Amino acid sequence: MTLALTELTVSHFRSHKLARLSLDGRPVAIHGPNGAGKTNILEAVSMFSPGRGMRRASAAEMTRRPEALGWKLSGLLQAQGQSYEIETWSEAGAARQVRIDGKSASQIDLGKLARVVWLIPSMDRLWIEGAEGRRRFLDRIALSFDPAHAEASLIYEKSMRERNRLLKEQVRDAHWYAALEGQMAETGHRIHVARMAALDHLRTAQDQAETGFPSADLELVQTEGAMPETADDLREALNESRFRDLAAGRTLVGPHRSDLYGVFAAKGVPAKDCSTGEQKALLVSLILSNARALAGMIGAPPIVLLDEVAAHLDAGRRAALYDEICALGAQAWMTGTGPELFSELGDRAQTLVVTEGDEGSVVD
Ligand SMILES: Nc1ncnc2c1ncn2[C@@H]1O[C@H](COP(=O)(O)OP(=O)(O)OP(=O)(O)O)[C@@H](O)[C@H]1O
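What counts, and where the lines are drawn
Residues numbered from 1 in each chain as written. Predicted model: local features only at pLDDT ≥ 70, side-chain atom pairs only at ≥ 80, totals over all residues. Helix = DSSP H or I, 4+ residues; strand = E, 2+ residues; numbered from the N terminus. Near = placed C-beta within 6 Å. Nonpolar A, V, L, I, M, F, W, Y, C, P; charged D, E, K, R; others polar. Core = buried A, V, L, I, M, F, W, Y, C linked by C-beta atoms within 7 Å. Buried ≥ 20, exposed ≤ 12 C-beta atoms within 10 Å, placed from the backbone. Domains from an automatic or database assignment. Contact = placed C-beta atoms within 7 Å. Pairing = 2+ DSSP bridges. Axes fitted to C-alpha atoms, helices over the stretch in contact; angles between N-to-C directions. Parallel < 35°, antiparallel > 145°, perpendicular 65-115°, else oblique. Left-handed = near helix turned anticlockwise from the far one by under 90°. pLDDT = per-residue confidence, 0-100. Expected span 1.5 Å × (residues − 1). UniProt positions renumbered as here; feature names shortened; annotations may be inferred.

Draft legend 1. Up close: the environment of Asp232. Mapped onto the elements, Asp232 comes out in helix 7 (residues 231–240). For the pair Asp232 and Gly182, spaced 50 residues apart in the sequence, the C-alpha separation amounts to 8.6 Å.

Draft legend 2. Molecular detail of the site of the ligand. Lining the immediate surroundings of the ligand are 16 residues, of which Ser15, Asn34, Lys38, Thr39 and Asn40 lie closest. When residues of the shell around the ligand are assigned to their parent elements, the largest contribution, three residues, is made by helix 1 (residues 38–46). Split into classes, the residues belonging to the shell around the ligand amount to two nonpolar, 10 polar and four charged.

Draft legend 3. Highlighting the nonpolar core. In terms of nonpolar packing, the biggest core is built from 94 residues, with Val45, Val284, Ile287, Ile303, Val304, Leu305 and Met334 touching the most fellow members. Looking at this core element by element, the count peaks at 10 residues for helix 9 (residues 276–298). Three or more residues apiece are contributed to this core by two domains, here domain 1 (1–115 + 302–364) and domain 2 (127–295). Each residue touching Leu305, except ones within four places of it in the same chain, is listed here: Leu42, Val45, Ser46, Met54, Val116, Trp118 and Trp333.

Draft legend 4. How the structure looks around the environment of Ser122. As for its position among the elements, Ser122 is in the loop between strand 8 (116–119) and helix 4 (131–145). Its 13 C-beta neighbours within 10 Å are what place Ser122 among the partly exposed residues. With 185 residues separating them in the primary sequence, Ser122 and Asp307 have C-alpha atoms 9.8 Å apart.

Draft legend 5. Region of the structure containing the domain arrangement of the protein chain. Partitioning the protein chain into domains gives domain 1 (1–115 + 302–364) and domain 2 (127–295). Each of domain 1 and domain 2 has a C-alpha centre, and these two points are 27 Å apart. The interface is formed by 17 residues belonging to domain 1 together with 18 residues belonging to domain 2. Sorting the residues of the side of domain 1 that touches domain 2 by element identifies helix 3 (107–113) and helix 10 (315–328) as the ones contributing at least two each. Ranked by residue count, the leading element in the side of domain 1 that touches domain 2 is helix 10, at five residues.

Draft legend 6. Molecular detail of the sheet that holds strand 11 (residues 269–270). Strand order across the open sheet formed by three strands is 9-10-11, with antiparallel pairing between neighbours. Only two strands of the sheet have a single neighbouring strand rather than two, namely strand 9 (216–222) and strand 11. Across two bridges, the pairing between strand 10 (residues 258–264) and strand 11 is antiparallel. When the bridges of strand 11 are listed, Phe264 appears paired with Val269.

Draft legend 7. Inspection of the packing of helix 4 against helix 9 at higher detail. As a packed pair, helix 4 and helix 9 sit with axes 10 Å apart at the nearest point and diverge in direction by 20°. The angle between the axes of helix 4 and helix 9 places the two elements in the roughly parallel class. In the packing of helix 4 onto helix 9, the handedness of the crossing is right-handed. Residues Ile141, Ser144 and Phe145 of helix 4 form the contact with helix 9, whose participating residues are Asn290, Leu294 and Met297. Looking at the contact of helix 4 with helix 9, its residues break down into four nonpolar, two polar and no charged.

Draft legend 8. Molecular detail of unusual backbone geometry. Note that the residue after Arg65, namely Pro66, is joined by a cis bond; omega there is -5°. By secondary structure assignment, the location of Pro66 is in the loop between helix 2 (59–62) and strand 4 (70–79). Even without being a glycine, Arg56 presents a positive backbone phi close to 55°. Structurally, Arg56 can be placed in the loop between helix 1 and helix 2. In this structure, Gln80 takes a positive phi of about 50° despite not being glycine. Along the chain, the position of Gln80 falls in the loop between strand 4 and strand 5 (82–91).

Draft legend 9. Examining the confidence of the model for the protein chain more closely. For the protein chain, per-residue confidence averages 95 on the pLDDT scale, and residues scoring 70 or more make up 100% of the total. This prediction of the complex comes with two scores: 0.96 for pTM and 0.99 for ipTM.

Draft legend 10. Looking closely at the sheet that holds strand 15 (residues 360–363). Taken in spatial order, the six strands make up an open sheet running 8-12-13-3-14-15, and their pairing is mixed. The open sheet has two edge strands, strand 8 and strand 15, and neither has a second partner. Adjacent strand axes in the sheet meet at a mean angle of 20°, parallel and antiparallel pairs treated alike. The pairing of strand 3 (residues 28–31) with strand 14 (residues 350–357) spans four bridges and is parallel. By the bridge assignment for strand 14, Val28 is matched with Gln350. Here helix 1 sits on the sheet in contact with strand 3, strand 8, strand 12 (303–306), strand 13 (332–336), strand 14 and strand 15, set at roughly 160° to strand 13.

Draft legend 11. Local environment of helix 4. Taking 1.5 Å as the rise per residue, helix 4 with 15 residues should run 21 Å; its terminal C-alpha atoms sit 21 Å apart, in good agreement. Looking at helix 4, one finds that the buried residues are Arg134, Arg135, Leu138, Asp139, Arg140, Ile141, Ala142, Leu143 and Ser144. Next to the buried residues of helix 4 lie strand 8, helix 5 (149–168), helix 6 (174–208), strand 10 and helix 9.

Draft legend 12. Seen up close, the UniProt feature "domain: AAA+ ATPase" (unreviewed entry) in the protein chain. With numbering matched to this structure, UniProt assigns "domain: AAA+ ATPase" (unreviewed entry) to residues 24–359. Regarding residues 24–359, the helix share stands at 43% and the strand share at 20%, and the terminal C-alpha atoms are separated by 27 Å.

Okay, here's the thing in structure tokens:
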């Protein structure tokens, strides 16, 4: 089975006034000069996944300046052996809407059809910078396996923000906390289970891989103590932590205190101490494992967005990446400044050229 966009219309989105793309299911190699609007196309595709897309931008930031009041993305998606008309849009900075085959739907409904995963340049420092980026990276992987993960994360974060507000205001009345902690315990436990399951899927897929990319030993660790094992344990831990949390002015226990620890398996070196190229190769390896695992689970690999990945790999690894993408049958959308970065793909990919025109980006 395949999972691919065969049409994409990008309207008033970032630098694109109106772009109509016809896709044939092959990987899509997009090249053009800096600032032309290549990444904006990948970002548009990422908006078919639940949440704020690969740049985590607000609806207003994505609206084409200066004239537009909103943006719209529509496409024809081949998924689960069928063709779906999918649309998502935002008007005047309002919450993003979704329609599938003309009917109003949720972002998660769309995410169940359009599984999308990505690697973007800001992830280059993933292993070096703070734990939040690594949690987000893992959550995206978990979400690709189960789009409802997005909902659990949203509810958890909302409840935690509210609890942190109470803590900051030094509210000591237990009854204000009980319901919030109940909700945090239930969703927090779901988040933890989904992350552990995602890691299991990745490990299995890595073991089966013969891609020439290094594999990573991955562990989910807690910044402090251990993650409570059940929802009840987490509720109790939150309850017990109240006085400590009041002193800190924030919640100190829960899945928001988890971190993803990675080791370059063959060398036994923590990912953060690997060379820049090795760190990139580890990320590519993880995204390929994600795609392979998902193909095993739902019968089709996800749509894979690789922003400026080709330029950072040597020719051998680039060829290995392309071979793996083609072997998986994934519709990978890849960007680079010149066509030479995609030469190893030959006619296995479709090429789009993006340039800057008088009225915004032009796609040929
Ligand atoms: N809301 C917006 N309205 C209009 N233009 C925008 C908006 N947001 C970003 N842009 C423009 O989009 C362009 C950047 O597009 P994009 O990030 O897709 O470039 P790119 O082709 O991937 O370039 P690079 O090779 O440098 O990464 C910039 O010129 C920027 O000014």
